[in-house]
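# Structural overview
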Amino acid sequence: MGFPMSIGLTAISFILSLILGLFLTLAQMSHFKLLHWPARAFISFMRGVPMLVVLFIVYFGFGTDALPAAIISFTVNCSAFVSEVFRSSFLAVDKGQWEAAYSVGLPYSKVVRRVIFPQAFRIAIPALGNILLDLFKGTSLAAMITVSEMFMQAKIVAGANQDYMTIYIMIAIIYWFFCWLITIGQTALEHHLAIPES
């Protein structure tokens, strides 16, 4: 019933949003105004515009095919929230970590990649898990532009059988169950990456 499509949309969009979100974080933390202010403006806009509106702009406004439009829309929208999560996580890392890394002669790129990001990512896991949950549920909006994901298939089956209540309750349970699995995975990852107590 379109479940693989929903999973695929979620996975691809989330991975891309992590990459784009990290670049946005580095841009908005930069001292270069040509990087900082465009990144801040993009993040502000995407956080303030409903996902459905972004989806319609990309699909109808730019004439993009349905599936690429969904991936692009979910990615750019989620990347703004991911960026804010990463930014707060970067700021939560003790400043002494930055100073210690610079003191041994590491360049900025290696400081971020090897020292700061691993710690920031650990801090960000709970919030990123919430974004992933919202994204998975949000893939149902792709039905509005004819992407044959789970909710779209449910509407077709419900219409054919004239049994909307049963089908929609089943879909609600499937969404809940998968979100529950994501939560379990998030908790397991947190425990795996947790710093052992001395």
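Residues numbered from 1 in each chain as written. Predicted model: local features only at pLDDT ≥ 70, side-chain atom pairs only at ≥ 80, totals over all residues. Heavy atoms only, no water.

### Thoughts on the nonpolar core
- One finds Ala70 and Leu128 to be the most contacted residues of the largest nonpolar core, which totals 51 residues.
- Those elements giving two or more residues to this core turn out to be α1 (3–28), α2 (33–48), α3 (51–61), α4 (66–92), α5 (95–103), α6 (108–138), α7 (150–161) and α8 (164–193).
- Aside from chain neighbours lying at most four places away, what touches alanine 70 is Leu9, Leu55, Ala142, Ile145 and Val147. (Core = buried A, V, L, I, M, F, W, Y, C linked by side-chain atoms within 4.5 Å. Buried < 20%, exposed > 50% of the residue type's maximum accessible area, 1.4 Å probe, protein only. Helix = DSSP H or I, 4+ residues; strand = E, 2+ residues; numbered from the N terminus. Contact = heavy atoms within 4.5 Å.)

### Things to note about the side chain of serine 17
- Tracing the chain through its elements places serine 17 in helix α1.
- Sequence-distant contacts of serine 17, that is, excluding residues within four places in its chain, are made with Thr75, Cys78, Ser79 and Val82.

### Here's the deal with the packing of α7 against α8
- At a minimum axis separation of 8 Å, α7 and α8 run at an interaxial angle of 160 degrees. Here α7 is positioned roughly antiparallel relative to α8, judged by the angle of their axes. Considering the relative orientation of α7 and α8, their crossing is right-handed. Only Tyr164, Ile167, Tyr168, Ile171, Ile174 and Tyr175 of α8 make contact with α7, whose side of the interface consists of Met150, Phe151, Ala154, Lys155, Val157, Ala158 and Gly159.
- Residues of the contact of α7 with α8, tallied by class, amount to eleven nonpolar, one polar and one charged. (Axes fitted to C-alpha atoms, helices over the stretch in contact; angles between N-to-C directions. Parallel < 35°, antiparallel > 145°, perpendicular 65-115°, else oblique. Left-handed = near helix turned anticlockwise from the far one by under 90°. Nonpolar A, V, L, I, M, F, W, Y, C, P; charged D, E, K, R; others polar.)

### A short note on the packing of aromatic side chains
- For the structure shown, the criterion picks out twelve aromatic pairs.
- Ring centres of phenylalanine 86 and phenylalanine 117 lie 5.7 Å apart, and the angle between their planes is 65 degrees; this geometry places the pair in the edge-to-face category. Separated by 31 residues along the polypeptide, phenylalanine 86 in helix α4 and phenylalanine 117 in helix α6 bring together distant segments of the chain.
- Seen from their ring centres, tryptophan 176 and tryptophan 180 are 6.3 Å apart, and the 15 degrees between their planes marks the pair as stacked. Placement of both tryptophan 176 and tryptophan 180 in helix α8 is noted, with a separation of four residues, approximately one turn of the helix.
- The class for tryptophan 176 is exposed, based on a relative accessible area of 54%.
- Residue tryptophan 180 is classed as partly exposed on the basis of its relative accessible area, which comes to 42%.
- Each residue in the set Phe3, Phe136, Tyr175 and Phe178 is aromatic and connected to the rest through ring pairs, giving one cluster. (Phe/Tyr/Trp six-rings, centres within 6.5 Å; stacked < 30°, edge-to-face > 60°.)

### Points about the pattern of salt bridges
- Within the structure shown, the criterion is met by four salt bridges.
- One salt bridge connects glutamate 84 with arginine 40, and the closest N-O pair in it is separated by 3.0 Å. Here arginine 40 lies in helix α2 and glutamate 84 lies in helix α4, a separation of 44 residues in the sequence.
- Of the residues examined, arginine 40 reaches a relative accessible area of 27% and is grouped as partly exposed.
- Linking arginine 87 and glutamate 84 is a salt bridge whose minimum nitrogen-to-oxygen distance equals 3.2 Å. A residue pair is termed a helical-turn pair when its members lie 3 or 4 positions apart in one helix, as arginine 87 and glutamate 84 do in helix α4 at three residues.
- Among the charged side chains, a network of salt bridges with common partners joins Arg40, Arg47, Glu84 and Arg87. (Salt bridge = Lys/Arg side-chain N within 4 Å of Asp/Glu carboxyl O.)

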